2 protein chains.
Amino acid sequence: MHIIWNRYPDIKLELEAIIDLMDENAKCKDKIIENSIKELVHANGKMIRPAFTIIAAHFGDYESEKVRALSAVVELFHMATLVHDDVIDDAKLRRGRETIQSKYGKEYAVYIGDYLFCICFKILAQTASLQSIQMDSRAMSRICLGEIEQLNSRFDTDVSLKNYLRRIAGKTAELFSLSLYIGAAESGCNMRLSKRFHRIGHHVGMAFQIIDDILDYKGDEKTVGKDQGKDIREGVYNLPLIYALEKKPQDLINLLEKEAYEDADVEQIIQLVKNYEGIEKAQNLAKKYTDKAYKEIHKLPDNPYKEILLEIVTMLLERSY
Amino acid sequence: MHIIWNRYPDIKLELEAIIDLMDENAKCKDKIIENSIKELVHANGKMIRPAFTIIAAHFGDYESEKVRALSAVVELFHMATLVHDDVIDDAKLRRGRETIQSKYGKEYAVYIGDYLFCICFKILAQTASLQSIQMDSRAMSRICLGEIEQLNSRFDTDVSLKNYLRRIAGKTAELFSLSLYIGAAESGCNMRLSKRFHRIGHHVGMAFQIIDDILDYKGDEKTVGKDQGKDIREGVYNLPLIYALEKKPQDLINLLEKEAYEDADVEQIIQLVKNYEGIEKAQNLAKKYTDKAYKEIHKLPDNPYKEILLEIVTMLLERSY
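All of the points below concern the structure found in this document. (Residues numbered from 1 in each chain as written. Chains lettered and ligands numbered in written order. Predicted model: local features only at pLDDT ≥ 70, side-chain atom pairs only at ≥ 80, totals over all residues. Heavy atoms only, no water.)

1. Here we look at the overall build of chain A
- Across its full length, chain A carries 16 helices and 2 strands.
- Against the 2.2 N^0.38 benchmark of 20 Å for 321 residues, chain A shows a C-alpha radius of gyration of 20 Å, consistent with a compact globule.
- Here the C-alpha coordinates of chain A stretch approximately 60 × 50 × 35 Å along the principal axes.
- Every one of the 321 residues in chain A was classed for burial, and the buried ones make up 61%. (Helix = DSSP H or I, 4+ residues; strand = E, 2+ residues; numbered from the N terminus. Rg over C-alpha atoms; globule rule 2.2 N^0.38 Å. Buried < 20%, exposed > 50% of the residue type's maximum accessible area, 1.4 Å probe, protein only.)

2. Topic: the interface of chain A and chain B
- With 39 residues of chain A at the interface, the matching set in chain B holds 39 residues.
- Buried area between chain A and chain B, both sides added, is near 3700 Å², and the carbon and sulfur share of it is 75%.
- Scanning the region where chain A abuts chain B turns up 2 salt bridges.
- With a shortest N-O distance of 3.9 Å, B:Glu107 and A:Arg154 are connected by a salt bridge.
- For the pair chain A and chain B, the number of links is 10 residue pairs in polar contact (both at pLDDT 80 or more).
- Mapped onto the side of chain A that touches chain B, the elements with two or more residues apiece are helix 2 (31-41), helix 4 (64-89), helix 6 (106-127) and helix 7 (130-152) of chain A.
- In terms of residues, the side of chain A that touches chain B owes the most to one element, helix 6 of chain A, which gives 14 residues.
- When grouped by side-chain class, the residues that make up the side of chain A that touches chain B number 23 nonpolar, 6 polar and 10 charged. (Contact = heavy atoms within 4.5 Å. Buried area = accessible area lost by both parts, 1.4 Å probe. Salt bridge = Lys/Arg side-chain N within 4 Å of Asp/Glu carboxyl O. Polar contact = N/O pair within 3.5 Å; in protein donor to acceptor, adjacent residues only side chain to side chain. Nonpolar A, V, L, I, M, F, W, Y, C, P; charged D, E, K, R; others polar.)

3. Some details on the relation of the copies chain A and chain B
- At an RMSD of 0.0 Å, chain A and chain B line up after a rotation of 180° and a shift of 0.0 Å along the axis. What the superposition gives is, in effect, a two-fold axis relating one chain to the other. (Least-squares fit on C-alpha atoms with pLDDT ≥ 70 in both.)

4. What to know about the environment of A:Glu267
- Inspection of the secondary structure assignment puts A:Glu267 in helix 14 (residues 263-275).
- In sequence terms A:Glu267 and A:Tyr217 are 50 residues apart; their C-alpha atoms lie 9.1 Å from each other.

5. Brief notes about the packing of aromatic side chains
Residue and element names in this part refer to chain A.
- All chains considered together, the criterion is met by 18 aromatic pairs over all chains.
- Taking 5.1 Å as the distance between ring centres and 70° as the angle between the ring planes, the aromatic pair formed by Phe59 and Phe197 counts as edge-to-face. In this pair, Phe59 is assigned in the loop between helix 3 (48-57) and helix 4 and Phe197 in helix 9 (residues 191-218), connecting sequence segments 138 residues apart.
- Look at Phe59 and you get buried, because its relative accessible area is 13%.
- The exposure class assigned to Phe197 is buried, which follows from its relative accessible area of 0%. (Phe/Tyr/Trp six-rings, centres within 6.5 Å; stacked < 30°, edge-to-face > 60°.)

What follows is the structure, encoded as structure tokens:
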């Protein structure tokens, strides 16, 4: 269990139960399958999304069994997308551990991801209302669309701000929204409150992803385990670069249009993005989303979990940027 | 629309409506995504699975809209697995057309498969009962497990008959069972009848896959578009080979354990499988499943669609083997 939860023993207990539930659902005659899923479950991820579901559920009638199942779905879906992302990125490591695709092969990783999707729906069908299954499946489609959109816009120097925002709204913010919304809605919160949680998830997710994308330009391998310039190398042009491109600077465009990027090119791209104030502008936009999130959180009804949500969001969004 | 349906105009009309429904669900702001899904939808597949759903539904209260949605789910799920199978197999062609992964890249194919899974559940959640969503998600998990089991047993000369049967029960028969079962159950057929349809699907699926696997040893590229020895080359040891291995023939084992298979090796493996009566025995087992399927179909209540099911199953299982 990640250390961030030590301060919140109630949430920690629930998250531990969710890990047990995921282990339970990983059970399988084929021990290779079972163990590879358990490795993911125990990879010490932060489990922010299931924690969000728990927190939102506390604003309604908290039914532990149901909340755990819904939280497990959100986390398993997140895992499935990570497994497939690692296939796409040919990633060797994730959270400091060898990825499924590196350890067992790409073929295996494709099917394990599929299997995780199926487990999600199996748990959902056993637990949630038809309405929530509809919400879930729509959200999951949008997440996939976000991933595809990112893929289709690679190496495109004309990529628009609108495209970027839509893409991260899909691939990141949607799952944060779903986590909070489903916790509230399935605990009997009214539609008004559930939708507020949905909006909070959106703002938090947008800020979170923008901050994560900024880190690609700041190099912070020690603290966040992210290689500098990784996205650029893969042709994923993120917010700082998009802002830098707004004035059509020919030096930057020429570099980006090169056939292959050498290390020196990547360094120069990063430097130019800084010069053209791409990072600064991106930080401002992240700040705007962060503020929107805080504003919506403050409007939540009084509840001990309101303060907790505020603390966790602060911790998440006040990373070094 | 495949020509086999010309004899059954009612089914053909429904299948055309299902194609329209799939097109409808493919709609997307991103035209690349929309078009690549539409290409799959219009690839002229036989659409056996949705036809099964339609046929079984005619044994209950036939609600056209519901049946079409359920049929579309079954076919879209089938497509999703094909798209991911092609990624695994690095396949260039499917039904004579360029595969998604060959045309748009593996990355894209992984996400398009994921997106198709999500669309399946989106349609299901809008249409089916919670019970059917549960049936569906369990069946889909088993299909993925079948695929993974096949992957994990590659190049294993100790692979057992039991392993093979479990693997094809998962990757093939399960979806045939689901197609028939869900059509019946969601049209108000009683459990006894719905389960009979489930068994019919199982027997048909098992026979179908065994026959398909035999073709790998007979070479029938003109009639079925399948390369001789393709499975062997990929280390997928199917029923004829498993039967041939039963008496532990050292010549065959030595060949199989070679580092890489040359064309001559594959030819020799096929010849040895024939000599050791692998094909004959596999044909006998396919015949057993076919007979079981017929027997169960005969037990269905009187209904014009009983004869149609019998004809279609006959056409499917009396392929040249």
